[in-house]
Structures are given as C-alpha cells and as structure tokens.
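One letter stands for each residue in the lines below.
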Amino acid sequence: MLNTTMNTQTYLSDFLTIFRRKNAAQHVFIQAVEEVVRTLAPVLDKKPQYIKERILERMVEPERMIAFRVPWKDDNGEIHVNRGFRVQFNSALGPYKGGIRFHESVTADSLKFLAFEQTFKNSLTTLPLGGGKGGSDFDTRGKSADEVMRFCHSFINELYHHIGYHTDIPAGDLGCGAREIGYMFGQYKKLTNDFTGAFTGKKPNWGGSLLRPEATGYGVAYFAQNMLATRKDELKGKTCVISGTGNVGIYTMEKLTQLGANVVGFMDYDGSVYDKEGINAEKLAYLKDLVFVRRGSLKEYVQKYPHAHFRPGQKTWDIACDCAFPTACENELDGAAANTLLKNGCRLVCEGANMPSTPEAVQAFQQAGILYSPGKASNAGGVAVSGLEMTQNSMRVYWSREEVDAYLQRIMASIHTSCLQYAAEFARPGDYVAGANIAGFLKVADAMIDQGLV
Ligand code: GLU
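Residues numbered from 1 in each chain as written. Predicted model: local features only at pLDDT ≥ 70, side-chain atom pairs only at ≥ 80, totals over all residues. Heavy atoms only, no water.

Asks: A description of helix α6 (residues 108-124) should follow, citing residues and the corresponding values.
Replies: An ideal rise of 1.5 Å per residue puts 24 Å on 17 residues; α6 measures up with 24 Å between its terminal C-alpha atoms. Positive phi appears at Thr126, one or two residues downstream of α6, with a value of about 75°. (Helix = DSSP H or I, 4+ residues; strand = E, 2+ residues; numbered from the N terminus. Expected span 1.5 Å × (residues − 1).)

Below you can see the structure in the form of structure tokens.
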C-alpha cells in the first residue's frame, strides 16, 4: 500500500518500483512511462491531489485492451494466423484515437507504449481526443494487394465490435496507409451498414481530409520552425538529415525543402542515402513514386542519381548536419549516435517518430543545450488533422488544403507555446520534454478527476 502523505520523490520512486514489477516484460512501455514520470515531480509537489487521487496509478493502466486472432489465406491458399490488438488507453478527453500499426515488431508492449504516448500527444493538440493504438504483427511488405485486403478484412471482422465514430477512431501508422484504411473501412461499413467517419486517413474522394497524408511531416517542419525562432534562427539554409522515408519522413523532407532547408541524408530498411546536393522537388517526386507507388528500395535512388551514395545497413546520424529529424521508429537514435550528431555540429533534433531517441540520447541533447523536442509534441500534426477530418465528416463538408494547412500551423504553434509555457511555469525553461509531459498530463488528469472513479 502506498503512503500518499510521504514526499513526492519517495512517492514517485515507490510508484515506479511497483509499476516496473507489474509490467516486468514490457520494456518500451516502461521506458515511455518513466520518461513522463521523471518530469512530473514539480506538478505533484504543487498539487498533491494528483497523488491522493492516484492519477498516475490510474493513468498507466489502459482502460481496455482487446487481443484477438486474425486468420487469413495467402494467394496460394495457405492459412496464416496473426495477432490483432487494440489498446483503448484513455478516454478522459474524448473517444479513443490513434493509429493502427502493421509490423512484425508489434506486441502488447509496443502498443501500450504507443497508446500511452498517444494519450499525451492528443491532449496537446487542444482537440477532444482520447488515446488509443492498435495493430498486428502482420507485415505488409512482400504481400500482394489481395493478401493485404484479406488480412485487413479479417482484422476488422473482430475489431468492428469495439470501434465506432463516438467510441474509438483508428487511423494509419507504420505499415498501414490509405490502402489498408480503405480495406478496413470497407469491411467495417459492410458489417455495420453505417457510413460514418469511424476511421481517419481515408482517401479524400470518400471522406478523407485534404493534407492528412502530409500532416505529420509538415507539422514536424512547422514545429522545428517555431523552435528555431526562439533562437532568432530559421530553417532556410540549414543542412538536414532525416531517417525513415515513410509517410512522415517524405513529407517532412517536402516541407523542409519548401522552407529553404537542404535535406542531404535519409534512409529505409536497406540503408541510407547521402546526397550532398540535397533534395529538390524533382527528386521528391521520384521518391514518392518509389516509396508510395512502387514500394521499392532506396538502392534504386542512386541508380537514378549516381552522384549520391547508398550506404547499406547504415543510418544517417553520422552525416554532418545542422538539424536532425528521426522519423522512423522507437529507439532508432541511441547515445552514441546522439554524440556523433553533437560532435558534427547538430543544433536541433525534432522528432517525427514516437520515442525515437533512447533515454541516453535525450540526456545528451539536453546536456548539450541544443533544441530538442519529443515526438509527442512535434509529431502531433498527424493526429491533429485526423481530428479535423472527424470534424469535416460530422459536418459533411470538405475544407480546402489552405484551410487545413492554416489550422495545422496554428495547432503546431499552440503546442509549441504550451510546451514552453508549462516548462517555464514548472522551473524547466526551454525543456520541451518537461513542457509536453506536464501540459499533456494536466489536461488528462483534471478531466479524470472531474469524471470520478471510472
Ligand atoms: N499514427 C499517428 C500518430 O502516431 C496518427 C494517429 C491518428 O491520426 O489517429 O500520431
């Protein structure tokens, strides 16, 4: 039994001991919770009611977790069985909202971490969105479109019981784009006989928001712009590297390029490309066709642009840059990579993926005093435009690209302001990690108290 009258540090340390014991095998979930909890001491000091109400204990338990079997047949008639999950983490601020990840690495652990992060991220967007995440250990790479469709239909045959426009609204994530959302929505509609915006990331010709595919990446670039402005600096002329060339990476590159930065390094599953001349509109069009249409490898980029180098199996963090944008997956940037970036003069790290920097890397960036933002703040543009897609679906209207972009820029600027405001209020000026955690926490915690013990 925890003694909630003890001082905050002792309470937090006891809380973490029990939390770690209860979730012993769930390493990334533990990492995500520890990262949040270590920044909350000043908040609990100021308002011990959060301790008395057991807000942390309640916040780290998902409200509901669904785990299910997903059987499907490949093109040769062979039967396969994958695991499906949906973690409905927190609905204090609105219906559960978050993506679906299709990747062999998906487990209950990874989805609990992602759903926990999503709860804070969604709180930061200022929109009425709870937090959730789902997915399967199914890998879309190497599968035919028919196989992907059969899998998605089977996945929804179970998941449709648990989602809905006012309950839980899935979207895309790693391995799950507009094609997969289309197949899932189709089956959902068939089973429920109901055409509502129960998914976001739909294609714009049947309910999707314009700019949703671009939103996470564009939002990352806008957030970096805001960060640099605090040091009277700008993206124009900056040498940049990114990591993953999925949806987030490609559109981060596009906006950075439009804002006058020079992206010289990027990577995929096979390795990285160093193109010292940088990306331009023509190269981006080539990359979009390669990645989104042909689903090819970056190895092909250097056949088209022979002056660039392909570095098999290597990441981008050793390429000298002013600004780095991790846009692939959790823990992709470790302490050694962080030190290499810093040694080469990197002054800003703005995360496009969820928790891509290890705790050692975060510590290195913060100690060096460079601008560093956690994904839950800087990559919130995607889910924010998902929120706008829900609004448009409810109103049965479509907004123009310009209207959505103006909202997105306003939301990213407001997240940036909240991070700095809460960091300063709780004696951590300029600390985007503390600011994002505290701002996200307070909104969810207060709503939970208002709604009582549910
Ligand atoms: N998967 C995205 C994220 O990590 C988007 C979620 C959504 O649009 O619901 O934020």
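Asks: Kindly report on the sheet that holds strand β4 (residues 131-136), identifying the contributing residues and their values.
Replies: Taken together, 5 strands build an open sheet; the order of strands is β1-β2-β4-β3-β5 and the sheet is mixed. Each of the sheet's edge strands pairs with one partner strand only, and the pair in question is β1 (64-73) and β5 (168-171). In this sheet, neighbouring strand axes are inclined to one another by 20° on average, regardless of whether the strands run parallel or antiparallel. (Pairing = 2+ DSSP bridges. Axes fitted to C-alpha atoms, helices over the stretch in contact; angles between N-to-C directions.)

Asks: Could you give an account of the pattern of salt bridges, naming the residues involved and the relevant values?
Replies: Applying the stated criterion across every chain yields a total of 25 salt bridges. Here Arg20 ties to Glu34 by a salt bridge, and the two come within 2.4 Å at their closest N and O atoms. Residue Arg20 is located in helix α1 (residues 8-22), and its partner Glu34 is located in helix α2 (residues 27-37); the two are separated by 14 residues in the primary sequence. The class for Arg20 is partly exposed, based on a relative accessible area of 37%. One network of salt bridges, in which partners are shared, links Arg101, Lys133, Asp173 and Glu330. (Salt bridge = Lys/Arg side-chain N within 4 Å of Asp/Glu carboxyl O. Buried < 20%, exposed > 50% of the residue type's maximum accessible area, 1.4 Å probe, protein only.)

Asks: Describe the site of the ligand, with residues and values.
Replies: Around the ligand there are 13 residues in total, and Lys97, Lys121, Asp173, Arg212 and Ser386 lie nearest to it. In this structure, Asp173 approaches the ligand through a side-chain N or O atom, which is 2.8 Å from a nitrogen atom. Side-chain polar atom of Ser386 to an oxygen atom of the ligand: 2.5 Å apart, as the coordinates give it. Bound to the protein, the ligand loses 94% of the 300 Å² it would expose on its own. Put simply, the parts of the chain that give the shell around the ligand at least two residues each are β3 (96-102), α6 and α16 (381-395). The biggest single contributor to the shell around the ligand is β3, with 3 residues. Of the residues assigned to the shell around the ligand, the class counts are 2 nonpolar, 6 polar and 5 charged. (Near = heavy atom within 4 Å. Polar contact = N/O pair within 3.5 Å; in protein donor to acceptor, adjacent residues only side chain to side chain. Areas by Shrake-Rupley, 256 points an atom, 1.4 Å probe, with all protein chains shown as cover. Nonpolar A, V, L, I, M, F, W, Y, C, P; charged D, E, K, R; others polar.)

Asks: Explain the side chain of Thr358 to me, using residue names and the numbers behind them.
Replies: Inspection of the secondary structure assignment puts Thr358 in the loop between β11 (348-350) and α14 (359-368). Excluding residues that lie within four positions of it along the chain, Thr358 makes contacts with Gln31, Asn331, Leu333, Asp334 and Gly335. (Contact = heavy atoms within 4.5 Å.)

Asks: Requested: an account of the environment of Ala308, with residues and values cited.
Replies: Positionally, Ala308 belongs in the loop between α12 (299-304) and β9 (309-312). Ala308 sits 44 residues away from Gly352 along the chain, and the two C-alpha atoms are 24 Å apart. Ignoring sequence-local partners within four residues, the contact set of Ala308 consists of Val273, Tyr274, Asp275, Tyr301 and Val302.

Asks: Hey, could you go over the nonpolar core for me, with residue numbers and the actual values?
Replies: Nonpolar side chains in soluble globular proteins generally cluster together in the buried interior. Membership of the largest hydrophobic core comes to 60 residues, with the highest contact counts inside it found for Tyr301 and Phe325. Top element by residues in this core is helix α9 (residues 212-229). It accounts for 9 residues. Setting aside its immediate chain neighbours within four residues, Tyr301 contacts Phe266, Val273, Asp275, Ile279, Lys283, Tyr286, Leu287 and Ala308. (Core = buried A, V, L, I, M, F, W, Y, C linked by side-chain atoms within 4.5 Å.)

Asks: Outline unusual backbone geometry, listing residues and values.
Replies: Unusually for a residue other than glycine, Thr126 sits at a positive phi of about 75°. Looking at the element boundaries, Thr126 is found in the loop between α6 and β4. Look at Met355: it is not a glycine, yet its phi comes out positive at around 50°. If you trace the backbone, Met355 turns up in the loop between β11 and α14. Since its relative accessible area comes to 6%, Met355 is described here as buried.

Asks: Break down the packing of α9 against α16 for me, citing the residues and quoting the values.
Replies: Relative orientation of the contacting elements α9 and α16 amounts to 145°, with a least axis distance of 7 Å. Crossing handedness for the pair α9 and α16: right-handed. The segment α9 lies against α16, with Arg212, Ala215 and Thr216 engaging Gly381, Gly382, Val383, Val385, Ser386 and Glu389. Grouping the constituent residues of the contact of α9 with α16 by class yields 3 nonpolar, 4 polar and 2 charged. (Left-handed = near helix turned anticlockwise from the far one by under 90°.)

Asks: Tell me what's going on with the sheet that holds strand β6 (residues 239-244), and back it up with residues and numbers.
Replies: Taken in spatial order, the 7 strands make up an open sheet running β9-β8-β7-β6-β10-β11-β12, and their pairing is mixed. Every other strand in the sheet has two partners, leaving β9 and β12 (371-373) as the edge strands with one partner each. Strand-to-strand, the axes of this sheet are offset by a mean angle of 15°, without reference to chain direction. Of the strand pairs in this sheet, β6 and strand β10 (residues 323-325) are connected by 3 bridges, and their pairing is parallel. Note on β10: the bridge partner recorded for Ile242 is Phe325.

Asks: Tell me about the packing of aromatic side chains, residues and numbers included.
Replies: All told, the structure shown has 30 aromatic pairs when counted by the stated rule. Judged by centre distance (5.0 Å) and plane angle (70°), the rings of Phe185 and Phe195 are edge-to-face. Of this pair, Phe185 sits in helix α8 (residues 178-192) while Phe195 sits in the loop between α8 and α9, placing them 10 residues apart in sequence. With a relative accessible area of 2%, Phe185 lands in the buried category. Taking relative accessible area as the criterion, Phe195 reaches 47% and is therefore assigned partly exposed. Note on Phe185 and Phe199: the rings are 6.3 Å apart at their centroids and 85° apart in plane angle, and the pair reads as edge-to-face. Taken together, the residues span a long stretch of sequence, with Phe185 in helix α8 and Phe199 in the loop between α8 and α9 at a distance of 14 residues. Like Phe199, Phe185 is buried. Taken together through their ring pairs, the aromatic side chains of Tyr11, Phe15, Phe19, Phe29, Phe89, Phe116 and Phe120 make up a single cluster. Residue placement shows Lys46 over the ring face of Phe426; its charged tip is 4.8 Å from the ring centre. Between Lys255 and the ring centre of Tyr218, over which it is positioned, the NZ or CZ distance is 4.4 Å. (Phe/Tyr/Trp six-rings, centres within 6.5 Å; stacked < 30°, edge-to-face > 60°. Lys NZ or Arg CZ within 6 Å of the ring centre and 35° of its normal.)

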